[in-house]
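Structure at a glance
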2 protein chains.
Amino acid sequence: MEIISSCSQIQQTCMQARQSGRTLALVPTMGYFHDGHLSLMRWAREYCDMLVVSLFVNPAQFGPGEDYQRYPQDLDNDVHAAMEEGVDILFTPARSSLYPDGFSTWVEVQGLSGKLCGLTRPEHFRGVTTVVCKLFNLTCPHKAVFGQKDWQQLIIIKKMTRDLNMPVEIVGRPTVREDDGLAMSSRNAYLDQELRKVAPRVYQGLLMVRGRFESGQDDRLELELELRSYYQRNLPQAEIDYVQIVDSNNLEPQDRVKPGALAAVALKLGQARLIDNILLD
Amino acid sequence: MEIISSCSQIQQTCMQARQSGRTLALVPTMGYFHDGHLSLMRWAREYCDMLVVSLFVNPAQFGPGEDYQRYPQDLDNDVHAAMEEGVDILFTPARSSLYPDGFSTWVEVQGLSGKLCGLTRPEHFRGVTTVVCKLFNLTCPHKAVFGQKDWQQLIIIKKMTRDLNMPVEIVGRPTVREDDGLAMSSRNAYLDQELRKVAPRVYQGLLMVRGRFESGQDDRLELELELRSYYQRNLPQAEIDYVQIVDSNNLEPQDRVKPGALAAVALKLGQARLIDNILLD
C-alpha cells in the first residue's frame, strides 16, 4: 500500500492508472476506521482494480463549537487496517494542501443541505460537498462508496454528482452495526460506559417505528410522536436534535408515509451527536 | 465535425478520446461567433488532438431583466465557422439537459465574484462557474481556453480550478479587437450605427489611462477620475457601471498602481453593456 499526502502526486497517480485502463474506486473517510469503513473498502476492493481510501478530517464540515479539534484519530491503526483490506493507496492530505490560504470556492446543493442535520449544522453539507468534489477531481474514480448511516450525505452527494455531471457513480452501502444494534461511528468513542450501554436504544426506537408502520400506522405525525416519546421514555439522557420521517429521495415530509420512506434521527448523548436511520419498507 | 447535444454522448465521446491518449481542448462559448471566439479555437486547434467547442447560452449567468431572451444567435453561421476552424465537436446542449427540473447545485468563488461586474450582476459569476464546472466534467479537457476581455471571469475560473483541484489548465488569450479598437463581443450587435461609431472610445479611454500611467501617474484615484471624466466628455451617451484600477490577480484596488495592474470598465451604451480592460505594464 502506498501512502500519499501530496495533491499533485495523487492526481497524477490516479489519472495515469485510469489512463492505463484500470478501474478506480474511492472510499472517502475521516479515519478512525471501524467495520463500517472496512465494509465499504471490502465492497470497493471487489469492484475495482485500484482502491483509493482518503483519510482527511475535513474542517469545512465542522461548525463552530463542534468536535473538529477532538475528532478521534489513530493513524497507525488506520494504516494497518487499510493494508489488511488490500487498499492500494491511502491518501492523507494535510489541511493546508486541501485548504490553502485564500481558499474561497464552495460547492453547495441547495434545498437538501438545509434539511435534517442541516437545520442545526447549517454549513456542514457545503463542507462535505466541497471536499468530496475536490477528492473526485484528485482521484478521478469510476465509483465512490459511502455509508447509508449518513443517508442525507449520500443523497446530497448523488444530487451534486448528477447536477454537476461528474463522471462518477455513487454507491451507498448498508449501515454496519455493533452486535447490540448501535450504528458504528467514530463518534461512538465519545460515549462513556454508561451511555454506551443505553445507546442501542437509538436503533431500537427506529425498529419500533418500523414495526408500527408495518402494522398499518402511516400517519407521519403520529409515528414521529411515538418515536419521540419512545426516546423520552427509554433514553432520557438524550437531547433530541430531530426525529423525522421523510421521503428517502428528497427528504420531504409526507402526510401519509409510503413504503420506502426514511425514519431519521439525530440525538446528543453526552459528548456524542449520534445519527441513525431506517427505511420503512 | 460532429454536433452533439446529448450530455451522456459528449461525456462518453470525450472520455473515450482521453482514454485513448488524445489531448483535448475545450473552448466554452455562448455562440454568435466573432474573431474573438475564432482566435481561441485557432490557438486550441494548434495545441490539441481533439477540439471541443461548447455553444450554450447559459441562463444561470443572466440576471432578471438582462438580455438572456434576446442574446444574439446564429447557429448556421456558427456551425459553418466552427467547421472552417477545424473544430472536432460542437457541443450544443439544450437548456433542459444542463438544467433539468430540480437542479440545485452551485459552484461559487466567493470574494472575487462580488467585485467589478459582480457589483451589479450579483449571481452572474456563480452561473458562470457552475456551468464551466459542468462543461469540464462533461468534456474532461486538458486545457480550456477563455478570452481576456472577460478578465474577471478568467481569473475566477482559474481560482475555481485551483481551489477544487480540477485537472484542467486554464488558458487566457488576448482580446481581439475591430480595426477601430472596439473589443469584439457578441453584444456589439446591440449597438445602432450611431453608437457603434463612438463605441471605440471605450478602448481609447483605456489607452489614455495606460499612457498616463506610463508617464508616471500612479495614484489610483486620480487615474480612475481621469478615465471617468474621459468617458463623460467623450462618450456622454454611456452610463458608467464601473471604472476601476485593480490588482490583476485578486481584483483588489491598490492606492499606488503597480505595473501589472488592470484598468477595467463596464459601460451601458444603448442596449449594450460593454466591458473592456487593459493591463498597465
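Along each chain, the written sequence defines residue order, and numbers are assigned to residues from 1. Both sets of labels track the order of writing: A upward for chains, 1 upward for ligands. Per-residue local features of the predicted model are confined to residues with pLDDT of at least 70, and side-chain atom pairs are confined, for both listing and counting, to 80 or more; whole-chain, interface and lining totals are unaffected and use all residues.

**Some remarks on the overall build of chain A**
Helix and strand counts for chain A come out as ten helices and ten strands. The globule rule used for comparison is 2.2 Å times the number of residues to the exponent 0.38, while the radius of gyration itself is calculated over C-alpha atoms. Whereas a compact globule of 281 residues would reach a radius of gyration of roughly 19 Å, chain A reaches 19 Å, a difference of no more than 12%. Counting other C-beta atoms within 10 Å of a residue's own tells you its class, since 20 or more makes it buried, 12 or fewer makes it exposed, and anything in between is partly exposed; those C-beta atoms are placed from the backbone. Across the 281 residues in chain A, those meeting the buried criterion constitute 45%. A run of DSSP states H or I qualifies as a helix once it reaches four residues; a run of E qualifies as a strand once it reaches two. Both are numbered from the N-terminal end.

**Focus on the pairing of strand β2 (residues 24-29) of chain B**
Every regular strand shows the same layout, with side chains that alternate between the two sheet faces. Residues and elements named next belong to chain B. Within β2, six of the six residues are buried, leaving the element largely enclosed by the surrounding structure. Across the two faces of β2 the burial is the same, with Leu24, Leu26 and Pro28 and Ala25, Val27 and Thr29 all buried. Here a strand pair is declared whenever DSSP counts at least two bridges between the two strands. Two strands pair when backbone bridges link them, and β2 and strand β3 (residues 50-55) are joined in this way by six bridges, in the parallel orientation. Each residue of the ladder has a partner; that of Ala25, found in β3, is Leu51. A clockwise course of the path from the first strand over the helix to the second, judged with the strands pointing away from the viewer, identifies a crossover as right-handed. Once you follow β2 into helix α2 (residues 35-47) and on to β3, the crossover reads as right-handed. Pairing of β2 with strand β6 (residues 143-147), which is carried by two bridges, proceeds in the parallel orientation. Across the sheet, residue Leu26 finds its bridge partner in β6, namely Ala144.

**Topic: the relation of the copies chain B and chain A**
Rotating chain B by 180° about the axis while translating it 0.0 Å along that axis superimposes it on chain A, leaving an RMSD of 0.0 Å. What we have between these two chains is a two-fold relation. No C-alpha of chain B approaches the rotation axis more nearly than that of B:Val107, which lies at 2.3 Å. Here contacts are defined at the residue level, using C-beta atoms placed from the backbone and a cut-off of 7 Å between them. Counting the interface residues of chain B, we find that 100% of their copies in chain A are interface residues as well, pointing to one common contact surface. Superposing the copies works by least squares over the C-alpha atoms of residues that have pLDDT at least 70 in both of them.

**Comments concerning the domain arrangement of chain A**
Residues and elements named next belong to chain A. Splitting chain A by domain gives domain 1 (2-173) and domain 2 (186-280). Across the boundary between the two partners, domain 1 contributes 14 residues, which contact 13 residues of domain 2. At the level of secondary structure, the elements contributing two or more residues to the side of domain 1 that touches domain 2 comprise α5 (117-120) and α7 (151-163). For the side of domain 1 that touches domain 2, the residue count by class is nine nonpolar, three polar and two charged. Where each domain begins and ends is defined by an automated method or by a domain database. Any residue outside Ala, Val, Leu, Ile, Met, Phe, Trp, Tyr, Cys, Pro, Asp, Glu, Lys and Arg is labelled polar, Gly included; the first ten of those are nonpolar and the last four are charged.

**Overview of the sheet that holds strand β4 (residues 89-91) of chain B**
Residues and elements named next belong to chain B. Spatial ordering of the open sheet is given by β1-β4-β3-β2-β6-β7, a layout of six strands whose pairing is parallel. Either end of the sheet is taken by a strand with one partner, and the two such strands are β1 (2-4) and β7 (169-173). Taken over all neighbouring pairs, the strand axes of this sheet differ in orientation by 25° on average, direction set aside. Examined bridge by bridge, β1 and β4 share three bridges and lie parallel to one another. Bridged to Ile3 within β4 is Leu90. The strands that helix α6 (residues 124-139) touches are β2, β3, β4 and β6; relative to β2, the one it contacts most, it runs at about 150°. Lines fitted to C-alpha atoms define the axes here, with helix axes fitted over just the stretch in contact, and angles between the N-to-C directions of these axes take values from 0 to 180 degrees.

**Here we look at the confidence of the model for chain A**
One number per residue, pLDDT, summarises how confident the predictor is, and it ranges from 0 to 100. For chain A, mean pLDDT is 98; residues scoring 70 or higher make up 100% of the total. Note on the complex model: pTM 0.98, ipTM 0.97.

**Overview of the interface of chain B and chain A**
Taken together, the 24 residues of chain B in the interface contact 24 residues of chain A. Residue assignment for the side of chain B that touches chain A shows that the elements contributing at least two residues are α1 (7-19), β5 (105-109), α6 and α7 (151-163) of chain B. With five residues, β5(B) is the largest single contributor of residues to the side of chain B that touches chain A. Its residues assigned to classes, the side of chain B that touches chain A shows twelve nonpolar, eight polar and four charged.

**Some points on the environment of B:His37**
Residues and elements named next belong to chain B. The topology assignment puts His37 in helix α2. On the neighbour-count criterion, His37 (25 C-beta atoms within 10 Å) is buried. Taking the C-alpha atoms as reference points, His37 and Ser186, separated by 149 residues in sequence, lie 9.6 Å from one another.

**Quick look at helix α9 (residues 201-214) of chain A**
Residues and elements named next belong to chain A. Here a helix's expected span is defined as the number of its residues, less one, multiplied by 1.5 Å. Between its first and last C-alpha atoms α9 spans 19 Å; for 14 residues at 1.5 Å apiece the expected length is 20 Å, and the two agree. Where α9 is concerned, the buried positions are Arg201, Val202, Tyr203, Gly205, Leu206, Val209, Arg212 and Phe213. Among the structural elements, α8 (193-198), α10 (220-234), β9 (261-269) and β10 (272-280) are those in contact with the buried residues of α9. In the stretch just after α9, Gly216 is the one whose phi turns positive, near 115°.

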